[in-house]
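Close look at the chain arrangement
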There are 2 protein chains.
Amino acid sequence: MTDYSMPELIARKRDGGELNADEVAWIVTGYTTGKIPDYQMSAFLMAVVCRGMSEPELAAWTEAMLHSGEVLELSAMTKAKVDKHSTGGVGDKVSIPLAPLVASCGVAVPMMSGRGLGHTGGTLDKLESIPGFRTDISPERFVAQLEEVGVVLAGQSETLVPADRAIYALRDATATVPSIPLIVSSIMSKKLAEDLDALVLDVKVGSGAFMKTKEDAETLARMMVAIGARHGTTVVAHLTDMSQPLGREVGNANEIRESLEVLRGEGPEDLVAVVLLLAEEMLMLGGVAPTRDAARNRLEVALSAGEGLETFRRVIAEQGGNPDVVDDPALLPSPEHLHELLAPRSGFVAECDALTVGRAAVRLGAGRARKDDAIDPAVGITIHAKRGEPVTAGRPLATVGWNDREQLDACLELLAGAWEIADEPRPERPLVLGEVR
Amino acid sequence: MTDYSMPELIARKRDGGELNADEVAWIVTGYTTGKIPDYQMSAFLMAVVCRGMSEPELAAWTEAMLHSGEVLELSAMTKAKVDKHSTGGVGDKVSIPLAPLVASCGVAVPMMSGRGLGHTGGTLDKLESIPGFRTDISPERFVAQLEEVGVVLAGQSETLVPADRAIYALRDATATVPSIPLIVSSIMSKKLAEDLDALVLDVKVGSGAFMKTKEDAETLARMMVAIGARHGTTVVAHLTDMSQPLGREVGNANEIRESLEVLRGEGPEDLVAVVLLLAEEMLMLGGVAPTRDAARNRLEVALSAGEGLETFRRVIAEQGGNPDVVDDPALLPSPEHLHELLAPRSGFVAECDALTVGRAAVRLGAGRARKDDAIDPAVGITIHAKRGEPVTAGRPLATVGWNDREQLDACLELLAGAWEIADEPRPERPLVLGEVR
């Protein structure tokens, strides 16, 4: 590989110029192998935050990250491999019911997820609230379980995309996280390393999401679709609302309980709607349903026959967890105390702000402010009044399950501010905001 | 001092926000003391390159740098202390005749200069071509010589503004040099550490300068004047042309020879004009001349009586150099060979590009491409045809003094491209472009 001058490449990006694929690969490889020091990389990343990346640059950057380590080799699988990724939100437990449900319909789901940070929860943290559940699955076990059960719910393997771990840690310390191309490359390099046939994206929009506007969400979605296409992987993105929490549960064991409700056909309307929207897409992309209607029929059969629930039970058992939680959610960790947050007045919920609820959940101990914070799997918030619903003064807006008085107080300081109550119901806002394919 | 979160401060600057004086001081102090790592500082610096700094931020940044180490204490001096700084150019040896000349008229000149990098030369390198001349002067010797001789031509003391050395080294490695506020703070913190009464700036404009346009030069000059005013130091900036080399000599010993010519009243017109313009300003600011005319008269007396030359002789002697070079410039290092670059056609010089001549001089060995490159004090370029002058095909445009055939070849590859020759003389361009006070 040609040798370049890092200051010259930084200067070009700083001045709004474009790097070619060789230069981009040299930077990613050089940083991952320790040849380029942190201080040059962080200056380059800040230049990217300020100046952006062209689509060819982003494609080259993503490919270089993807090839910084091992990639899964799933070509022996007979089933189509389709995964789902969400850009993250509050109460967003969609992956947990979705993956087993889709797998029970015959599409392989090789899902690698992350942990929660800041106001958004993480799929791995939620799954680990199931007693015994392991998410550190070796590549060999991963492939074997995918063959056998059709779905794996694992953490990112250490050997896959090491460049992403290194670059992400640096971005976190240098305020270079909020850059659409850097977010796209981080997500896509990890998902493409799963050797997928197709990927469905749930791009969250609203206060509780990274993307606050539909325009930004569409930009992100379009880049993801384009990078997938260049790699030969079909990517379909749905934009969904994250201005209020999804479903009624926020917290780790709380969200497993609600996921089990979905798989029993009893989940809350908005959560079920998103799960089915994405599941239909995955069934179509996986070639097991020719149309959205056929996919919906197949999914309704799976739900009423408990096929998704059965597949989830097998995943839990395979991954070391106690499968009895599926029938008896009381086996999940539960808080010692409950506190009811009461409505200060009667009326209709005009807002139930996702960001505020998410931050309150972090203070409660359900999430992490910093990467190495411990979380309490038992604590959480159950929301009784969501947007458009009537409330009566003195009746509960939410129930907070808590273990530590200080954490409860810190949570409550924020939580009440999440609700805005109006005299009349406001016009409904759509849950599904658009799609990019 | 309050403790801040560096990622939060970086994020604010990244998003175009403003930091208060405490936060700015915390960053500069934290970096200088090693509490803030390079990778966070370089991300912050790139954010400054992209988003700029407000005047209060820049003032706080400059003060924090200034107070990162010792400052000179010259309050016992009876004379006014006035220094000059140039933003750097090709053939810009102005400081060398200017400082002794002004000092000979009764203004103290505590001048600390830098080395050359890239296409611009450095005052220290030029002075060190005088056999024996030392520029590493201790603060005690500095004060004593200033009292005795009225002028010191020294390097930056290690104990003054350590923040600037640390930050500059990082900027050099991370492509964060070209930022007007970072340049202003670097210059002003060092100059204010000299405990000056006033400062005269020569802001160079054109291909051979950092500022390519008059607008950028004015912005830089206005910031310098404002930062000086906030500190209580009068700053006057003159904008002068750097689209062609200043004077006729480029190279280290070459420029000492030409400086001696100026002090003998024999220098080339453009160089003498800039020296006198700045010297007049320094005499007025130093209170030894009430008007520009009075200053000019005083300077003409000093030149014709050889007072500046005599002061320079004393400086050389004080600083360990051979003072006989003043009378016998042949004692300066000289090249083994001369090469004449001939005019390819007859006509009038339309351009003699400063940047190209400066780059050619670096290749010849007269300057540094990298900080630790060695330079050859003896080599240089003597320019025979400057803008507006007639040339005859086959007659020399320049004489190159060289020691190494490869370096000569590399120099010549560029040098001829510096000249554009036209049939008719082009309209004259002004040497002095404006002033900011």
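Everything below is about the structure shown above.
What comes next is a walk through the structure.

Rules and cut-offs
Residues numbered from 1 in each chain as written. Chains lettered and ligands numbered in written order. Predicted model: local features only at pLDDT ≥ 70, side-chain atom pairs only at ≥ 80, totals over all residues. Heavy atoms only, no water. Pairing = 2+ DSSP bridges. Helix = DSSP H or I, 4+ residues; strand = E, 2+ residues; numbered from the N terminus. Axes fitted to C-alpha atoms, helices over the stretch in contact; angles between N-to-C directions. Parallel < 35°, antiparallel > 145°, perpendicular 65-115°, else oblique. Contact = heavy atoms within 4.5 Å. Nonpolar A, V, L, I, M, F, W, Y, C, P; charged D, E, K, R; others polar. Left-handed = near helix turned anticlockwise from the far one by under 90°. Buried < 20%, exposed > 50% of the residue type's maximum accessible area, 1.4 Å probe, protein only. Right-handed = clockwise from strand over helix to strand, strands pointing away. Phe/Tyr/Trp six-rings, centres within 6.5 Å; stacked < 30°, edge-to-face > 60°. Core = buried A, V, L, I, M, F, W, Y, C linked by side-chain atoms within 4.5 Å. Least-squares fit on C-alpha atoms with pLDDT ≥ 70 in both. Buried area = accessible area lost by both parts, 1.4 Å probe. Salt bridge = Lys/Arg side-chain N within 4 Å of Asp/Glu carboxyl O. Polar contact = N/O pair within 3.5 Å; in protein donor to acceptor, adjacent residues only side chain to side chain. Expected span 1.5 Å × (residues − 1).

Residues and elements named next belong to chain A. On the basis of which strands lie adjacent, the open sheet formed by three strands has the order S10-S8-S12 and antiparallel pairing. The open sheet is flanked by strand S10 (390-391) and strand S12 (419-422), the only strands paired with a single partner. Here strand S8 (residues 347-352) pairs with S10 via two bridges, running antiparallel. Within S10, the position partnered with Gly347 by the bridge is Val391.

Residues and elements named next belong to chain B. Running from N to C, helix H3 (residues 38-51) and helix H8 (residues 162-173) cross one another at 75°; their axes reach a closest spacing of 10 Å. Judged by the angle between their axes, H3 and H8 are roughly perpendicular. Residues Asp38, Met41, Ser42 and Leu45 of H3 lie in contact with H8, whose contacting residues are Ile167, Leu170 and Arg171. Taken together, the residues of the contact of H3 with H8 sort by class into four nonpolar, one polar and two charged.

This paragraph deals with the packing of helix H4 (residues 55-66) of chain B against helix H10 (residues 214-231) of chain B. All names here are of chain B. At a closest axis distance of 10 Å, the pairing of H4 and H10 adopts a crossing angle of 65°. Pair H4 / H10 crosses with right-handed handedness. Residue-level contacts link Glu55, Pro56, Leu58, Ala59, Thr62, Glu63 and Leu66 of H4 to Met223, Ala226, Ile227, Arg230 and His231 of H10.

Residues and elements named next belong to chain B. Here strand S5 (residues 234-241) lies mainly inside the structure; seven of its eight residues are buried. The pairing of strand S4 (residues 198-205) with S5 spans eight bridges and is parallel. Note that in S5 the partner of Val203 across the bridge is Leu239. For the segment spanning S4, H10 and S5, crossover handedness is right-handed.

Residues and elements named next belong to chain A. Throughout the structure, instances matching the rule amount to four aromatic pairs over all chains. For the ring pair Tyr4 and Trp26, a centre distance of 5.7 Å and an interplane angle of 75° mean the geometry is edge-to-face. Taken together, the residues span a long stretch of sequence, with Tyr4 in the segment before helix H1 (6-14) and Trp26 in helix H2 (residues 21-32) at a distance of 22 residues.

With that settled, the discussion passes to the nonpolar core. Within the largest apolar cluster, 138 residues are counted, with the highest numbers of intra-cluster contacts made by Ile27, Met41 and Trp61 of chain A together with Ile27, Met41 and Trp61 of chain B. In this structure Trp61 of chain A touches Val24, Ile27, Val28, Met41, Phe44, Leu45, Met53, Ile167, Leu182 and Ser185 of chain A, once residues within four positions along its chain are discounted.

Take the sheet that holds S5 of chain B next. All names here are of chain B. Strand order in the open sheet formed by four strands is S1-S4-S5-S13, and the pairing between neighbours is mixed. Each end of this open sheet is capped by a strand with a single partner; those strands are strand S1 (82-86) and strand S13 (432-436). Strand-to-strand, the axes of this sheet are offset by a mean angle of 20°, without reference to chain direction. Lying over the sheet, helix H9 (residues 180-192) contacts S1, S4 and S5, oriented at roughly 160° with respect to S1.

Further remarks concern the relation of the copies chain B and chain A. For the match of chain B to chain A, the screw axis carries a shift of 0.1 Å, the RMSD comes to 0.1 Å, and the turn is 180°. What the rotation and shift describe, once combined, is the action of a two-fold rotation axis. Scanning chain B for the C-alpha nearest the rotation axis identifies Tyr39 of chain B, at a separation of 1.8 Å. Most of the interface of chain B is mirrored in chain A, where 100% of its interface residues are also at the interface.

All names here are of chain B. As for its placement among the helices and strands, Gly91 is situated in the loop between S1 and helix H5 (95-104). A C-alpha to C-alpha distance of 23 Å links Gly91 and Pro323, two positions 232 residues apart in sequence. Look past the residues within four positions of Gly91 in its chain and what remains in contact with it is Leu246, Glu249, Val250 and Glu255.

Our next topic: the interface of chain B and chain A. Reports often express the size of an interface as the amount of accessible area lost when the parts come together. Listed per partner, the contact involves 20 residues of chain B and 20 residues of chain A. Summing both partners gives a buried area of about 1600 Å² for chain B against chain A, and 71% of it is carried by carbon and sulfur. The largest contributions to the chain B side of the interface with chain A come from Arg14, Tyr39 and Met46 of chain B, which together make up 34% of the buried area. Between chain B and chain A we count zero salt bridges in total. Taken together, the links from chain B to chain A amount to seven residue pairs in polar contact (both at pLDDT 80 or more).

Residues and elements named next belong to chain B. Counted at 1.5 Å a residue, the expected span for helix H2 (residues 21-32) with its twelve residues is 16 Å, and the 17 Å between its end C-alpha atoms agrees. Among all positions of H2, only Glu23, Val24, Ala25, Trp26, Ile27, Val28, Gly30 and Tyr31 are buried. Considering only its buried residues, H2 is in contact with helix H1 (6-14), H3, H4 and H8. With a side-chain oxygen positioned 3.0 Å from the backbone nitrogen of Asp22, the residue opening H2 is Asn20. Phi for Gly34, located one or two positions after H2, is positive at around 85°.

Note that every value here comes from positions in space, so none of it alone points to a role or purpose.
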